[in-house]
Amino acid sequence: FRPEYRELGRLRYILPSTVSIMIASATFMKVSLTHTTHLLHMHADKMVTIRHSSDCPNIKIGVRKIKYALNSYCNLAFLIPTGWNVGNPPHQSS
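My aim in this report is to walk through the structure given alongside it, one point at a time. Note that this is a predicted model, so its numbers are computed, not measured.

From N to C terminus, the protein includes 2 helices and 0 strands. Here the C-alpha atoms of the protein give a radius of gyration of 20 Å, more than 25% beyond the 12 Å that 2.2 N^0.38 yields for 94 residues. For the protein, the spread of C-alpha atoms along the principal axes amounts to about 50 × 35 × 30 Å. Buried residues in the protein amount to 13% of all 94 residues.

Here you go:
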């Protein structure tokens, strides 16, 4: 699934068995979860699996053309509401 999870298997040997591990993914297929839990030496009888839909109708995907240099972050200005100042409370959705 992900090469990085192989490295976590090494970490599992270092940590005491009393330390809990949480793995999360928005795209885990059943075979990937089985493979990853095997790599991390996790046992089904000591594991809780929570599945939740990633379908969020309030989240929209958008694509915008980059106009400014990447290190200026000016292309992200549309994310900050007009008139917002440091210290203002977060915007509340209606």
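On we go.
In this structure the tally under the stated criterion is 0 aromatic pairs. Directly above the ring of Phe-78 sits Arg-64, whose terminal nitrogen or CZ lies 3.7 Å from the centroid.

Within the chain, His-41 stands out as a residue other than glycine whose phi angle is a positive 55°. We classify His-41 as partly exposed; its relative accessible area is 36%. Positive phi values are uncommon outside glycine, yet Tyr-73 reaches one of about 60°. For Tyr-73, the location among the structural elements is in the segment after helix H2 (30–39). Among the residues examined, Tyr-73 registers a relative accessible area of 58% and is labelled exposed.

Time to look at the layout of surface pockets. One number sums up the size of the largest pocket: a volume of about 580 Å³. Lining of the largest pocket is provided by 20 residues; of these, Ile-23, Ala-24, Ser-25, Thr-49 and Ile-50 occupy positions nearest its centre. Considering only residue class, the lining of the largest pocket consists of 11 nonpolar, 7 polar and 2 charged. Forming the boundary of the second largest pocket are 13 residues, of which Arg-12, Ser-17, Val-19, His-41 and Met-42 lie nearest the centre. When the residues that make up the lining of the second largest pocket are grouped by side-chain class, the tally is 6 nonpolar, 5 polar and 2 charged.

This part is about the environment of His-91. Positionally, His-91 belongs in the segment after H2. Along the chain, His-91 and Pro-81 lie 10 residues apart, while their C-alpha atoms are 8.2 Å from each other.

A few words now on H2. Along H2, the residues that are buried comprise Ser-32, Leu-33, Thr-36 and Thr-37. Looking down the long axis of H2, one finds its buried residues gathered within 125° of arc, a one-sided arrangement. H2 presents Lys-30, Val-31 and His-38 as exposed residues on the side facing more than 90 degrees away from its buried surface. Where H2 is buried, its residues meet helix H1 (3–14).

Calculation criteria
- Residues numbered from 1 in each chain as written.
- Predicted model: local features only at pLDDT ≥ 70, side-chain atom pairs only at ≥ 80, totals over all residues.
- Heavy atoms only, no water.
- Helix = DSSP H or I, 4+ residues; strand = E, 2+ residues; numbered from the N terminus.
- Rg over C-alpha atoms; globule rule 2.2 N^0.38 Å.
- Buried < 20%, exposed > 50% of the residue type's maximum accessible area, 1.4 Å probe, protein only.
- Phe/Tyr/Trp six-rings, centres within 6.5 Å; stacked < 30°, edge-to-face > 60°.
- Lys NZ or Arg CZ within 6 Å of the ring centre and 35° of its normal.
- 1 Å grid on protein atoms, 1.4 Å probe; cavity = no way out; pocket = protein on both sides within 12 Å on 5 of 7 lines; lining within 4 Å.
- Points joined across faces, edges and corners; volume = space filled by probe spheres on them.
- Nonpolar A, V, L, I, M, F, W, Y, C, P; charged D, E, K, R; others polar.
- Arc of directions from axis to C-beta.
- Contact = heavy atoms within 4.5 Å.

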